[in-house]
Amino acid sequence: MNLFGMMDTSGGAMQAERMRAEVVAANMANAETTRTASGGPYRRQHVVFAANQGDPGFLDSLASATGSSGTLPALNASNAGSVAPGVHISAVVEDQSAPLKRYDPGHPDAGQDGYVSYPDINPLTEMVDLMGATRAYGLNSSAVQAEKGMITSSLEIVKT
Amino acid sequence: MDMQIETRLSCQLERYLDLAAGQAKLTAANMANIDTPGYRAMGMDFEAEMRDAMNGVDQGRAPRRPHIKAVDGLIARPDGNNVSMDRESMNLAEAQLKFKVGVALLRVQNQNLLDAIHADGK
């Protein structure tokens, strides 16, 4: 068992959660944005978390534990039976829901009918997402603290 | 009477530290995936693994990897993920304490050995 591998796991998760918080911040910042490079109003972004493929050590251990790889709950069909030691962001996707229409004929981005398309961003949803990201970030950072404590204490073995 | 550097207790402690580190690693993996849709919390039966490791020490068997299995009885959220923040926090604290206990005991072992080495008072 490698104690530093645990710090990679937790550190990767902290990175992913920070990215999620950044995406939430971008969504909130652009809540009223009606112009984007691709045209039309800003679209809400989501992050998609995916578990990393299990490292060979874990897979060996699983294979010896179960005799086969099919008896564990599958994360998805492609990596059935693997234990994932970490997490990564597999994609940042755009919300495809229709933009909100607000009647404002004086607005430079108003359509022929006088309605302006605004991004469909609900501050409540974003805040809840941000809270989740913050809590998960804190959880993983306390895991890093714990791992540091373990590594430091293992150094005590050689001290006399 | 023969004298060896590695005692039965120090071998057992070695396995104990390995298992405690393994438990912490599993917990860290679960914590990292707290927001991954469809992820299932993984765990191991620490007591059963430790019993097996102690038998292994007595029989001179090489250490083997612990059995890792999905944890039963957790409530899954709508996205299919069943990692519980509180359970993982408790597990990590427990693994950390176990590790520190193992380290402290191993230090005592080493200290005893050093005391024997320095028994001539020099």
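Model, not experiment: these values are computed from the prediction. Residue indices begin from 1 for each chain and proceed along its sequence in written order. As a convention, the first chain written is A and the first ligand written is 1, with the rest following in written order. Reporting of local features is limited, given that this is a predicted model, to residues whose pLDDT is at least 70; pairs of side-chain atoms are given and counted only at 80 or more, and all residues count toward the totals for whole chains, interfaces and linings. Here the side-chain values reflect all heavy atoms present in the structure, with hydrogen atoms and water set aside.

K.L.:
So what exactly am I meant to see when it comes to the side chain of Asn81(B) here?
P.N.:
All names here are of chain B. Note on placement: Asn 81 falls in the loop between β2 (69-70) and α3 (85-117). Judged by relative accessible area, which is 0%, Asn 81 ranks as buried. As used in this structure description, the phrase polar contact means that two N or O atoms lie within 3.5 Å; if the pair is within protein, one of them must be able to donate a hydrogen and the other to accept it, and residues adjacent in sequence are counted only when both atoms belong to side chains. Here the side chain of Asn 81 touches Ile 34 through a polar contact of 3.3 Å, landing on its backbone oxygen. Here Val 83 takes part through its backbone nitrogen, which lies 2.8 Å from a polar atom of the side chain of Asn 81. Residue contacts follow a heavy-atom distance rule, with two residues in contact if any of their heavy atoms lie within 4.5 Å. Setting aside its immediate chain neighbours within four residues, Asn 81 contacts Asn 33, Ile 34, Asp 35, Thr 36, Gly 38, Tyr 39, Ile 75 and Ala 76. Secondary structure elements are defined from DSSP: runs of H or I of at least 4 residues count as helices, runs of E of at least 2 residues count as strands, and each element is numbered from the N terminus. Any residue under 20% of the maximum accessible area for its type is buried, any over 50% is exposed, and the rest in between are partly exposed; the area is computed with a 1.4 Å probe on protein chains only.

K.L.:
When you look at the pattern of salt bridges in this model, what are you seeing that I'm missing?
P.N.:
The salt bridge definition used is simple: a Lys or Arg side-chain nitrogen within 4 Å of an Asp or Glu carboxyl oxygen. Within the structure shown, the criterion is met by 15 salt bridges over all chains. Measuring nitrogen to oxygen at the nearest pair gives 3.5 Å for the salt bridge that ties Arg102(A) to Glu32(A). Highlighted residues: Arg102(A) in strand β3 (residues 100-103) and Glu32(A) in the loop between α1 (3-29) and β1 (45-51), separated in sequence by 70 residues. A salt bridge links Arg107(B) to Glu156(A), with the nearest nitrogen and oxygen atoms 3.3 Å apart. Taken together, the positions of Arg107(B) in helix α3 and Glu156(A) in the segment after α3 (123-155) put the pair across two chains. You can call Arg107(B) partly exposed: its relative accessible area is 29%. Judged by its relative accessible area of 26%, Glu156(A) falls in the partly exposed class. Each of the salt bridges in this network shares a partner with another, and the network as a whole consists of Glu17(A), Arg20(A), Asp129(A) and Asp35(B).

K.L.:
What's the story with the nonpolar core in this structure? I'm lost.
P.N.:
Generally speaking, a soluble globular protein has its nonpolar side chains buried in company with each other. Grouped together as the largest cluster of nonpolar side chains are 38 residues, with contacts concentrated most on Leu3(A) and Phe99(B). Mapped onto this core, the elements with two or more residues apiece are α1 and α3 of chain A together with α1 (8-32), α2 (46-59) and α3 of chain B. It is α1(B) that contributes the most residues to this core, 10 residues altogether. Grouping buried Ala, Val, Leu, Ile, Met, Phe, Trp, Tyr and Cys residues that are joined through side-chain atoms within 4.5 Å yields what is termed a nonpolar core.

K.L.:
Just to check I follow, could you spell out empty space enclosed by the protein for this structure?
P.N.:
One simple way to see leftover space: roll a probe sized like a water molecule over the atoms. Residues and elements named next belong to chain A. A cavity, in this analysis, means grid points on a 1 Å lattice covering only the protein atoms where a 1.4 Å probe fits yet has no way out; a pocket is instead an open set bounded by protein on both sides within 12 Å along at least five of seven lines, and a residue lines either one if it has an atom within 4 Å of a point. Grid points are joined across faces, edges and corners, and a volume is the space filled by probe spheres set on the points. As enumerated under the stated definition, the model contains 1 cavity of 30 Å³ or more in all. Taken together, Pro 41, Tyr 42, Arg 43, Arg 44, Asp 95, Ser 97, Ala 98, Pro 99, Pro 119 and Asp 120 make up the lining of the largest cavity. Three classes are used: nonpolar for Ala, Val, Leu, Ile, Met, Phe, Trp, Tyr, Cys and Pro, charged for Asp, Glu, Lys and Arg, and polar for all others, with Gly counted as polar. A breakdown of the residues in the lining of the largest cavity according to their chemical character gives 5 nonpolar, 1 polar and 4 charged.

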